[in-house]
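The chain contents come next:
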Amino acid sequence: REEKDEDSQLIYRIERPVYNETLIQAQLLKRLAYAMLAAVPPVYGLYSSFYPVLLYTFFGTSRHISVGTFAVISLMIGGVAVREAPDSMFMNINATGANASDAINVELRDKSRVQVAVMVTTLAGLIQIVLGLLRFGFVAIYLTEPLVRGFTTAASMHVVISQLKYLLGVETQLCWNVFISLNTELFGALYSCLTVLFLTCVNVVAEGLSSLFHGFPPRVHFQELIALGLCNFISSFFQTFAVTCSMSRSLVQESTGGKTQIAGLLASLLVLVVVVAVGFVFEPLPQTALAAIIMVNLIGMFKQFRDIPSLWRTSKIELAIWVIAFIASVLLGLDYGLLVAVTFAILTVIYRTQSPKTSILGHVANTGLYCDVDEYEEAAEYEGIKIFHSNSSIYFANSDLYVNSLKEKTGLNPEHLQAARKAQKKRKEKTNSNRHVAEDQKNGQFGDRHGDSEEAVFLEPFSTVHSIILDWTSATFIDSVGAKAIRQVIKEYAAVDVRVVIAGCNRNLLAELDTLKFFTKDLTTDFLFPTVHDAVLHCQHSNSHPSVAAVTVPKFSFL
């Protein structure tokens, strides 16, 4: 049945609770496996699934998500732990020959890596708390979906490579070394294959059960970043590594009927029972099985390669973001790869605003619509009026392109018109001078005419366009460089008797223009109109009645 949440006004579906023991067991094994990605003993995966979840019950703001270990986060922490506490620091000098397997002091190494992971988690929690207090959660908008999917796919590649040494006995750190240093242990590989096959079957059953339920609605809470920061910071004192929202755990919680944070509390208590009472059952579990668990859970990640043909058909720019995020994260590592991906995504935004789509608009008969004349046959231009539209704001990066596109689209370049007018004026003056000389010779007068008053030289217009309307309905901001460029182009067109007016300027943009001292004695708010149609009426009326100072169309005001 469906109910309405009075606070959020969202509709969510309440299903009959379903208890699936297999799913819960799989989640417990996954928590053990993700500890391997963090380069710490498996039991710390259980610790990280108890304390943070318990704390989120009190600090969390969402009733639908479940926090816990996450493959990408675990792998990033593991990368730091391995870098700060490499195997080479814990070598036993006397271990040779038959004792080569004991060459590394595993106990001391693991202890050091746990300390590193805990310190990273503490620092991450503090950073999250500070960013939450500063309301810095908006930075997540730069992590677009193609970026995240490309990044997580690359992270999955790193995870697979890191687990090959447990599955196949391959000691490697780089992708291309896998095929060079392959040293397969037959029994381990067979055991891994059987485990993967079993877990795949379990996942198929789990997906079938999950498909019976609808997804839960998204709810945005700005204190959420603080809640996760508190969970990580406080839990780190109990030797846990960083956690975040777990997609798989959230789905399991939803499918088993969990609707509040109490579900997380019960899950944490179950983990506590496992740690205290039955933890010894999982102690002999081989690392090969844990690696297989990780592999199976990454199948969904690799399905994201299907995004490539879809993005190729829909958006080449988003495809570029996906590919750059994937390649950079594979080759440079997850930290630098993410930085490169975010930087590239921001550059695509600059590229889009720097190279906006421009068009000339025409009026659709019997409607109030103005559409691109190149795309709509019904749209027709008004005689003597050009309506120029750009789908971007005007600022330092695109102001020159905006002006150049305006001159190109309208077919009116004031510099060319001015040059042609000067040439015409010279021809007229020369013609008049020759005519006067001829008349003087005919009348027998050869005196100097320089003292006579100059006669008026009437120039014929080079264009039938008398008005240009700048449609700013899509513009959201303008800077000083953009304002200067627009002011200059208005003066250039005025010099060749072409009127330029602005339509669709919103109040915020109008206030920015006023702050930038855009308006002067010659350039007043009389050039601004609330809609394109109002501007058209003004231009038509002014052209038919050039002596009329004012027209009865709506105008902007600062009041």
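Residues numbered from 1 in each chain as written. Predicted model: local features only at pLDDT ≥ 70, side-chain atom pairs only at ≥ 80, totals over all residues. Heavy atoms only, no water.

A. Expanded view of the overall build of the chain. Looking only at helices and strands, one finds 21 helices and 11 strands in the chain. Taking all 559 residues of the chain together, the buried fraction comes to 41%. Contacts in the chain between residues at least 24 apart in sequence constitute 77% of all its contacts with a sequence separation of at least 6. Looking at the chain as shown, the accessible area adds up to about 31,600 Å², and 61% of this sits on carbon and sulfur atoms. (Helix = DSSP H or I, 4+ residues; strand = E, 2+ residues; numbered from the N terminus. Buried < 20%, exposed > 50% of the residue type's maximum accessible area, 1.4 Å probe, protein only. Contact = heavy atoms within 4.5 Å. Areas by Shrake-Rupley, 256 points an atom, 1.4 Å probe, with all protein chains shown as cover.)

B. Highlighting the pattern of salt bridges. Tallied over the entire structure, the rule returns 8 salt bridges. For Arg83, the salt bridge is made with Glu84, and the minimal N-O distance between the two is 3.5 Å. For Glu84, a relative accessible area of 45% corresponds to the partly exposed category. Arg109 serves as the salt-bridge partner of Asp87, at 3.1 Å between the closest nitrogen and oxygen. (Salt bridge = Lys/Arg side-chain N within 4 Å of Asp/Glu carboxyl O.)

C. Focus on the pairing of strand 5 (residues 358-364). Summarising burial for strand 5: 7 of the 7 residues are buried, a large majority. As paired strands, strand 5 and strand 8 (residues 385-390) are joined by 4 bridges and run antiparallel to one another. Its bridge partner lying in strand 8, Leu361 is registered against Ile387. Two strands pair when backbone bridges link them, and strand 5 and strand 6 (residues 370-372) are joined in this way by 3 bridges, in the antiparallel orientation. For His363, the partnering residue across the bridge sits in strand 6 and is Tyr370. Counting the residues between successive antiparallel strands, the hairpin from strand 5 to strand 6 contains 5 residues, one of them, Asn366, with a positive phi of roughly 65°. Direction of pairing for strand 5 relative to strand 7 (residues 379-380): antiparallel, over a ladder of 2 bridges. The residue bridging Val364 from the neighbouring strand is Ala379, located in strand 7. (Pairing = 2+ DSSP bridges.)

D. Summary view of helix 21 (residues 532-544). An ideal rise of 1.5 Å per residue puts 18 Å on 13 residues; helix 21 measures up with 19 Å between its terminal C-alpha atoms. Among all positions of helix 21, only Val532, Asp534, Ala535, Val536, His538, Cys539 and Ser542 are buried. In this structure, the buried side of helix 21 is in contact with strand 6, strand 8, strand 9 (467-471), strand 10 (499-503) and strand 11 (528-529). (Expected span 1.5 Å × (residues − 1).)

E. A nonpolar patch on the surface, seen in detail. A cluster of nonpolar residues, Val130, Leu134, Phe136, Phe138, Val139, Ile141, Tyr142, Ile346, Leu347 and Ile350, forms a patch on the protein surface that exposes about 890 Å² of accessible area. Of all the elements, helix 16 (residues 334-354) adds the most residues to the nonpolar patch, at 3 residues. Take Ile141: it is sitting in the loop between helix 5 (106-133) and helix 6 (145-167). Look at Ile141 and you get exposed, because its relative accessible area is 60%. (Patch = residues over 30% accessible without salt bridge, like charges linked within 9 Å, V, L, I, M, F, W, Y side chains within 5 Å.)

F. Representation of the nonpolar core in the model. Ile468, Leu470, Trp472, Ile486 and Phe518 are the most contacted members of the largest nonpolar core, which has 32 residues in total. Within the residue set of this core, elements represented by two or more residues are helix 17 (399-410), strand 9, helix 19 (480-494), strand 10 and helix 20 (507-515). Top element by residues in this core is helix 19. It accounts for 6 residues. If we skip the residues at most four places from it in the chain, Trp472 touches Ile394, Tyr402, Ile478, Ile486, Ile502, Ala503, Gly504, Cys505, Leu509 and Leu513. Grouped together as the second largest cluster of nonpolar side chains are 28 residues, Ala71, Leu167, Val271 and Val274 included. (Core = buried A, V, L, I, M, F, W, Y, C linked by side-chain atoms within 4.5 Å.)

G. Quick peek at helix 20. Turning to helix 20, its buried residues number three or more, namely Leu509, Leu510 and Leu513. Mapping the buried residues of helix 20 onto a view down its axis gives an arc of 100°, with all of them on the same face. Turned more than 90 degrees from where helix 20 packs its buried face, Arg507, Asn508 and Thr515 sit exposed. For helix 20, the side-chain oxygen to backbone nitrogen distance between the N-cap and Asn508 is 3.1 Å, and the N-cap itself is Asn506. Taken from the residues just after helix 20, Lys517 is the one with a positive phi, measuring 60°. (Arc of directions from axis to C-beta. Polar contact = N/O pair within 3.5 Å; in protein donor to acceptor, adjacent residues only side chain to side chain.)

H. Spatial organisation of the packing of helix 15 (residues 316-332) against helix 16. In contact at an axis separation of 7 Å, helix 15 and helix 16 are set at 160° when each is read in the N-to-C sense. Relative to helix 16, helix 15 is oriented roughly antiparallel. Where helix 15 crosses over helix 16, the handedness of that crossing is right-handed. Contacts between helix 15 and helix 16 involve Ile317, Glu318, Ala320, Ile321, Ile324, Ala325, Ala328, Ser329 and Leu332 from the first element and Leu334, Asp335, Tyr336, Gly337, Leu338, Val340, Ala341, Phe344, Ala345, Thr348, Tyr351 and Arg352 from the second. Residues of the contact of helix 15 with helix 16, tallied by class, amount to 15 nonpolar, 3 polar and 3 charged. (Axes fitted to C-alpha atoms, helices over the stretch in contact; angles between N-to-C directions. Parallel < 35°, antiparallel > 145°, perpendicular 65-115°, else oblique. Left-handed = near helix turned anticlockwise from the far one by under 90°. Nonpolar A, V, L, I, M, F, W, Y, C, P; charged D, E, K, R; others polar.)

I. Seen up close, the side chain of Ser392. Examined against the element boundaries, Ser392 turns out to sit in the loop between strand 8 and helix 17. Side chain to side chain, Ser392 and Asn398 meet in a polar contact 3.5 Å long. With residues near it in sequence (within four places) discarded, Ser392 still touches Thr353, Pro356, Asn398, Ser474 and Ala475.

J. Fine view of the packing of aromatic side chains. Summed over the entire model, instances satisfying the criterion amount to 13 aromatic pairs. Ring centres of Tyr51 and Phe238 lie 4.5 Å apart, and the angle between their planes is 10°; this geometry places the pair in the stacked category. Taken together, the residues span a long stretch of sequence, with Tyr51 in helix 3 (residues 51-59) and Phe238 in the loop between helix 8 (224-235) and strand 4 (244-245) at a distance of 187 residues. Residue classification places Phe238 among the partly exposed residues on the basis of a relative accessible area of 42%. Taking 5.7 Å as the distance between ring centres and 25° as the angle between the ring planes, the aromatic pair formed by Trp322 and Phe326 counts as stacked. Highlighted residues: Trp322 and Phe326, both in helix 15, separated by 4 residues, approximately one helical turn. By the burial criterion, Trp322 is buried, and Phe326 matches it. (Phe/Tyr/Trp six-rings, centres within 6.5 Å; stacked < 30°, edge-to-face > 60°.)

K. Looking closely at the environment of Pro309. As for its position among the elements, Pro309 is in helix 14 (residues 307-314). C-alpha separation for the pair Pro309 and Leu319, spaced 10 residues apart in sequence, amounts to 8.8 Å.

L. Examining the packing of helix 14 against helix 15 more closely. Two numbers describe how helix 14 lies on helix 15: the axes approach to 6 Å, and their chain directions differ by 150°. The angle between helix 14 and helix 15 places the two elements in the roughly antiparallel class. For the pair helix 14 and helix 15, contact is made by Asp307, Ile308, Leu311, Trp312 and Thr314 and by Lys316, Glu318, Leu319 and Trp322, respectively. A breakdown of the residues in the contact of helix 14 with helix 15 according to their chemical character gives 5 nonpolar, 1 polar and 3 charged.

M. Representation of the confidence of the model for the chain within the structure. Of the residues in the chain, 72% have a pLDDT of 70 or more, and the chain-wide mean is 77. Every residue in residues 1-20 is under pLDDT 50, and counting partners more than four places away or in other chains gives 40 contacts. Note that pLDDT drops below 50 for residues 446-459; the model gives that stretch 14 contacts with residues more than four away or on any other chain. (pLDDT = per-residue confidence, 0-100.)

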